[in-house]
Amino acid sequence: MLERSDVSRRDFLRLLAGTAAAPSALAAALGVHPAEAARRTATSPGASPPHAARAVHADRLGAIGIQLYTVRDLMARDVEGTLAALARIGYREVEFAGLHGRSAREMRAILDRLELTAPAGHVSLAEVRDDLDRVLDDAATLGQDYVVCPYLDVAYRSRDGIKRAAEIFNRAGAAARGVGLGFAYHNHDFEFEPLPDGTLPYDLLLAETDPALVRMEMDLFWITKGGGDPLAYFARHAGRFPLVHVKDLSADGAMVNVGEGTIDFAKIFARAEQAGIRHYFVEHDQPAAPLDDARVSYTYLRRLEF
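The following refers to the structure shown. The structure presented is a predicted model; accordingly, all values stated were derived computationally and were not measured.

### Topic: the environment of Glu217
And then number 1: Among the secondary structure elements, Glu217 is positioned in strand β6 (residues 214–219).
And then number 2: Glu217 sits in the buried class, given a relative accessible area of 0%.
And then number 3: With 32 residues separating them in the primary sequence, Glu217 and Tyr185 have C-alpha atoms 5.7 Å apart.
And then number 4: Discounting residues that sit within four places of it in the chain, Glu217 has contacts with Glu95, His122, Val148, Ala184, Tyr185, His186, Asn187, Leu243, Val244, His245 and Phe281.
And then number 5: Within the structure, the side chain of Glu217 is placed 2.8 Å from the side chain of His122, a separation counted as a polar contact.

### Observations concerning the sheet that holds strand β1 (residues 65–67)
And then number 1: With parallel pairing, 8 strands are arranged side by side around a closed barrel as β1-β2-β3-β4-β5-β6-β7-β10. Neighbour-to-neighbour, the strand axes of this sheet turn through a mean angle of 30°, independent of strand direction.
And then number 2: Sheet analysis places strand β2 (residues 93–96) next to strand β3 (residues 117–122), joined by 3 bridges and oriented parallel. Following the sheet pairing, Glu93 is matched in β3 by Thr117.

### Details of the pattern of salt bridges
And then number 1: Under the criterion given, the structure shown has 12 salt bridges.
And then number 2: The shortest N-O distance in the salt bridge between Asp130 and Arg129 comes to 2.9 Å.
And then number 3: Given a relative accessible area of 55%, Asp130 falls into the exposed group.
And then number 4: Residues joined by salt bridges that share partners form a network here, namely Glu127, Asp131, Arg134 and Asp138.

### Focus: the packing of helix α5 (residues 79–89) against helix α6 (residues 104–114)
And then number 1: In contact at an axis separation of 10 Å, α5 and α6 are set at 35° when each is read in the N-to-C sense. For α5 against α6, the interelement crossing comes out right-handed. Along its contact with α5, which presents Val79, Glu80, Leu83, Ala84 and Ala87, the element α6 presents Met107, Ile110, Leu111, Arg113 and Leu114.
And then number 2: Class assignment for the residues of the contact of α5 with α6 results in 8 nonpolar, no polar and 2 charged.

### Structural notes on the pairing of strand β4 (residues 146–149)
And then number 1: Going residue by residue along β4, you find Tyr146 and Val148 tucked away on one face and Val147 and Cys149 tucked away on the opposite face as well.
And then number 2: Alignment of β3 against β4, held across 3 bridges, turns out to be parallel. From the neighbouring strand, His122 faces β4, where its bridge partner is Val148.
And then number 3: The pairing of β4 with strand β5 (residues 182–186) spans 4 bridges and is parallel. Bridge pairing in β5 places Val147 opposite Phe183.
And then number 4: Between the parallel elements β4 and β5, the chain passes through helix α9 (residues 159–178) in a crossover that is right-handed.

### With respect to the side chain of His279
And then number 1: One can find His279 in strand β10 (residues 279–282).
And then number 2: Of the residues examined, His279 reaches a relative accessible area of 5% and is grouped as buried.
And then number 3: With residues near it in sequence (within four places) discarded, His279 still touches Glu93, Pro119, Asp145, Pro242, Leu243 and Val244.

### Some details on the side chain of Thr82
And then number 1: In this structure, Thr82 sits in helix α5.
And then number 2: Since its relative accessible area comes to 5%, Thr82 is described here as buried.
And then number 3: Apart from residues no more than four positions distant in its own chain, Thr82 is found in contact with Val71, Leu74 and Met75.

### Details of the packing of aromatic side chains
And then number 1: Scanning the model with the defined rule gives 12 aromatic pairs in all.
And then number 2: Ring centres of Phe169 and Phe183 lie 5.3 Å apart, and the angle between their planes is 45°; this geometry places the pair in the tilted category. Taken together, the positions of Phe169 in helix α9 and Phe183 in strand β5 put the pair 14 residues apart, joining distant regions of the chain. With respect to burial, Phe169 and Phe183 carry one shared label: buried.
And then number 3: Taken together, the ring pairs connect Phe265, Phe269, Tyr280 and Phe306 into an aromatic cluster.

### Description of unusual backbone geometry
And then number 1: For His100, which is not glycine, the phi torsion reads 55° and is therefore positive.
And then number 2: Mapping His100 onto the fold places it in the loop between β2 and α6.
And then number 3: Residue His100 is classed as partly exposed on the basis of its relative accessible area, which comes to 30%.
And then number 4: With a phi close to 55°, Glu115 is a non-glycine residue in the positive phi region.
And then number 5: Note on placement: Glu115 falls in the loop between α6 and β3.
And then number 6: Take Glu115: its relative accessible area is 65%, and that puts it in the exposed class.

The rules behind each value
Residues numbered from 1 in each chain as written. Predicted model: local features only at pLDDT ≥ 70, side-chain atom pairs only at ≥ 80, totals over all residues. Heavy atoms only, no water. Helix = DSSP H or I, 4+ residues; strand = E, 2+ residues; numbered from the N terminus. Buried < 20%, exposed > 50% of the residue type's maximum accessible area, 1.4 Å probe, protein only. Contact = heavy atoms within 4.5 Å. Polar contact = N/O pair within 3.5 Å; in protein donor to acceptor, adjacent residues only side chain to side chain. Pairing = 2+ DSSP bridges. Axes fitted to C-alpha atoms, helices over the stretch in contact; angles between N-to-C directions. Salt bridge = Lys/Arg side-chain N within 4 Å of Asp/Glu carboxyl O. Left-handed = near helix turned anticlockwise from the far one by under 90°. Nonpolar A, V, L, I, M, F, W, Y, C, P; charged D, E, K, R; others polar. Right-handed = clockwise from strand over helix to strand, strands pointing away. Phe/Tyr/Trp six-rings, centres within 6.5 Å; stacked < 30°, edge-to-face > 60°.

Put into structure tokens, the structure is as follows:
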């Protein structure tokens with residue numbers, strides 16, 4: 001059983017409405033750290049689905065996050081030391097790709113010590129399908145807003161397979177929403193390879209999932225590599241993209257550090273409100289020097305104006 005708090009949903013909404021300027025009061029009621037209460041107040045996951053909130057951005061990005069798959073080898077050797085190094089670079093948000101042998105409670109304690117938050121985490125389709133209660137319980141413990149499925153296995157890439165995946169995602173989204181969380185899917189490039197009838201898998205997945213229950217984490221590298229246009233999707237499916245993966249594409253099609261390739265991030269982020277973007281996660285699948293590369297991408301984004 002998921003036990004986020006003894007406070008009822010109605011009481012949570014009342015507290016949320018009355019404590020926007022005083023997260024310490026909400027923290028006392030919920031039994032969480034004041035920083036966590038402040039984050040919940042800002043995102044308001046109990047008042048409405050996280051995706052319903054207005055995306056907040058100005059001339060420069062606010063909090064910049066990183067998908068921890070980027071530093072997976074370092075995490076395997078030293079979880080807390082790696083997270084501390086990312087915090088020193090300036091990252092304040094992380095997105096998990098596994099917990100490296102730690103429990104959700106243990107990992108949450110590390111995050112709190114380092115003053116980091118984890119708005120989202122990746123879990124496999126099999127976990128979403130077969131172990132959803134545990135997935136949601138861990139997400140709540142970690143303080144996440146979103147559970148993200150990062151990949152469709154080959155068996156789910158046909159028209160029928162995509163429809164089966166969409167059914168799983170709709171059920172997961174409904175269950176997540178019931179406990180104040182959101183659910184999202186992260187793309188690669190295969191979703192932009194037409195099916196035999198000419199339909200793009202990404203379009204079919206968007207059509208077959210309930211937009212109130214299933215959001216998208218757009219990987220800006222993979223959609224661009226696959227020939228898709230992020231701005232066109234923002235326009236057609238406004239508000240459905242609360243999360244983005246920020247990674248760059250070189251002229252020869254390679255993945256490179258953010259700012260070293262061809263993607264016009266300023267143009268994309270200027271449409272953040274239309275898209276619904278709330279979290280920006282740097283990622284590099286095969287970094288030559290994970291922490292150095294993470295610093296290069298962070299520095300570029302911190303200076304980016306749009």
